[in-house]
Amino acid sequence: MSSYFVTGVSRGIGFEFLRQLSSDPAKTVIGLVRNKPATDAKVAALNRTNIHILEGDLTDYESLKRAASATSKITGGSLDYLIANAASIPLWSYFDGMGALGSKDPVALEKDLLDAYKTNIIGNVHLFNLFLPLILKGEKKKVIAISSGMADIELITKYDLEIGGPYAVSKAGANAVVAKYSAEYAKDGVLFISICPGVVDTGNSGTLTEEQLQKIGVMMGKFAQYAPNFKGPATPEESVKALISVYEKASVAGGDGGAFVSHFGNKQWL
Ligand SMILES: NC(=O)c1ccc[n+]([C@@H]2O[C@H](COP(=O)([O-])OP(=O)(O)OC[C@H]3O[C@@H](n4cnc5c(N)ncnc54)[C@H](OP(=O)(O)O)[C@@H]3O)[C@@H](O)[C@H]2O)c1
């Protein structure tokens, strides 16, 4: 009878969380989206009565407050798992280093830095604060933030991963947010953990230009150097199975509070 609240279930990894978790009718799965009608149509095809879709935006505090209140009504005042999956992944700044971006257009660079910060850091801080009263009343007490190995400082420096700066910086900040909440709430039995899903094919590469694909190819080459067994992106299904396995095994008692780990449950990102 576990309950879940997952952000960003309209597509990609978030939708796959919704699909896998709701396959057990005993679970109540609540998903947050920005465009409810579009997701309702996708969810209808699953033909499941244990899914609830709520509208909200991480950059809109009042919408998150409404989602927390609606969640409380659905679950009877508690929540077992909060999965902070939604993220702003600014595309303009994804394909060059921050020095090059600053020379090209400092205003656009600042916009991407602020957008990523507002959604991935401030949005999740509001999300955690608004849902903590429910989590504290839940049985499982797990808050999982979907992070990225792109925020791992050793990986960035060792393999010269200069691209995706604003995104990576915001994810590193979000990891610190998770550690701060763990420091504050581990004593109440709440596990806060950041987990990278690996490289996952969520169908977004179809919209990229030839030049952007080439830059992603260079990054993939660096990934292959880092992990010679890396065979390319995983499917959302494989990634979500791995993520669930990691957070199910993780616990405050086991020393996992505030950790930043991969889909393998360690610091091996690929
Ligand atoms: N895919 C990968 O290889 C990969 C690798 C490392 C980490 N990750 C992380 O995994 C998570 C999921 O990634 P993904 O690949 O599934 O991404 P995606 O396909 O781009 O989906 C992102 C989701 O976040 C939602 N979202 C964006 N801004 C939002 C906001 N302000 N408020 C509420 N929802 C918002 C989007 O909703 P809309 O449909 O409304 O835009 C969408 O549902 C992210 O945290 C990402 O950083 C992914």
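Coordinates for the structure precede this section.
Residues numbered from 1 in each chain as written. Predicted model: local features only at pLDDT ≥ 70, side-chain atom pairs only at ≥ 80, totals over all residues. Heavy atoms only, no water.

All right, on to a nonpolar patch on the surface then. The grouping of Met-98, Leu-113 and Val-169 at the surface amounts to a nonpolar patch, some 220 Å² of accessible area in total. Inspection of the secondary structure assignment puts Leu-113 in helix 5 (residues 106-137). (Patch = residues over 30% accessible without salt bridge, like charges linked within 9 Å, V, L, I, M, F, W, Y side chains within 5 Å. Areas by Shrake-Rupley, 256 points an atom, 1.4 Å probe, with all protein chains shown as cover. Salt bridge = Lys/Arg side-chain N within 4 Å of Asp/Glu carboxyl O. Helix = DSSP H or I, 4+ residues; strand = E, 2+ residues; numbered from the N terminus.)

Taken as a whole and judged by the stated rule, the model has 13 aromatic pairs. With a centroid separation of 5.5 Å and 50° between ring planes, the pair formed by Tyr-81 and Tyr-247 is classed as tilted. A residue pair is termed long-range when its members are at least 10 positions apart, and Tyr-81 in strand 4 (residues 81-84) and Tyr-247 in helix 9 (residues 236-249) qualify at 166 residues. Comparing Tyr-81 with Tyr-247, the two get one shared label, buried. Three or more aromatic residues joined by ring pairs form one cluster here, namely Phe-128, Tyr-181, Tyr-185 and Phe-192. Over the aromatic face of Phe-15 sits the side chain of Lys-42, whose NZ or CZ is 4.2 Å from the ring centroid. (Phe/Tyr/Trp six-rings, centres within 6.5 Å; stacked < 30°, edge-to-face > 60°. Buried < 20%, exposed > 50% of the residue type's maximum accessible area, 1.4 Å probe, protein only. Lys NZ or Arg CZ within 6 Å of the ring centre and 35° of its normal.)

The next point concerns the pairing of strand 5 (residues 142-146). Counting buried residues along strand 5, 5 of its 5 residues qualify, which places the element largely inside the surrounding structure. In the sheet, strand 5 pairs with strand 6 (residues 191-195) via 5 bridges, with the strands oriented parallel. By the bridge assignment, Val-143 is partnered in strand 6 with Phe-192. (Pairing = 2+ DSSP bridges.)

Before going further, it helps to examine the sheet that holds strand 7 (residues 260-261). Taken in spatial order, the 7 strands of this open sheet run 3-2-1-4-5-6-7, and their pairing is parallel. The two strands at the open ends of the sheet, each matched to only one other strand, are strand 3 (51-55) and strand 7. Running at roughly 165° to strand 1 (residues 3-7), helix 1 (residues 12-21) makes contact with strand 1, strand 2 (28-33), strand 3, strand 4 and strand 5 of the sheet. Seen against the sheet, helix 7 (residues 165-185) touches strand 5, strand 6 and strand 7 and runs at an angle of roughly 165° to strand 6. (Contact = heavy atoms within 4.5 Å. Axes fitted to C-alpha atoms, helices over the stretch in contact; angles between N-to-C directions.)

Applying the stated criterion across every chain yields a total of 1 cavity of 30 Å³ or more. Here the largest cavity is characterised by a volume of approximately 60 Å³. Along its surface, the largest cavity is lined by Ala-84, Ala-86, Asn-120, Asn-124, Ala-145, Ile-146, Ser-147, Lys-171, Ala-174, Asn-175 and Ser-194. Of all the secondary structure elements, the ones that give two or more residues to the lining of the largest cavity are helix 5, strand 5 and helix 7. Residue contributions to the lining of the largest cavity peak at 3 residues, all from helix 7. Looking at the lining of the largest cavity residue by residue, the classes come out as 5 nonpolar, 5 polar and 1 charged. (1 Å grid on protein atoms, 1.4 Å probe; cavity = no way out; pocket = protein on both sides within 12 Å on 5 of 7 lines; lining within 4 Å. Points joined across faces, edges and corners; volume = space filled by probe spheres on them. Nonpolar A, V, L, I, M, F, W, Y, C, P; charged D, E, K, R; others polar.)

Turning next to the site of the ligand. Taken together, 25 residues form the shell around the ligand, and within it Ser-10, Arg-34, Asn-85, Tyr-167 and Val-200 come nearest. At 2.9 Å from a nitrogen atom of the ligand is found a main-chain nitrogen or oxygen belonging to Leu-58. Within the backbone of Asn-85, an N or O atom sits 2.7 Å from an oxygen atom of the ligand. Summarising the interface, the protein chains cover 89% of the accessible area of the ligand, which totals 900 Å² for the free molecule. Looking at the shell around the ligand residue by residue, the classes come out as 10 nonpolar, 11 polar and 4 charged. (Near = heavy atom within 4 Å. Polar contact = N/O pair within 3.5 Å; in protein donor to acceptor, adjacent residues only side chain to side chain.)

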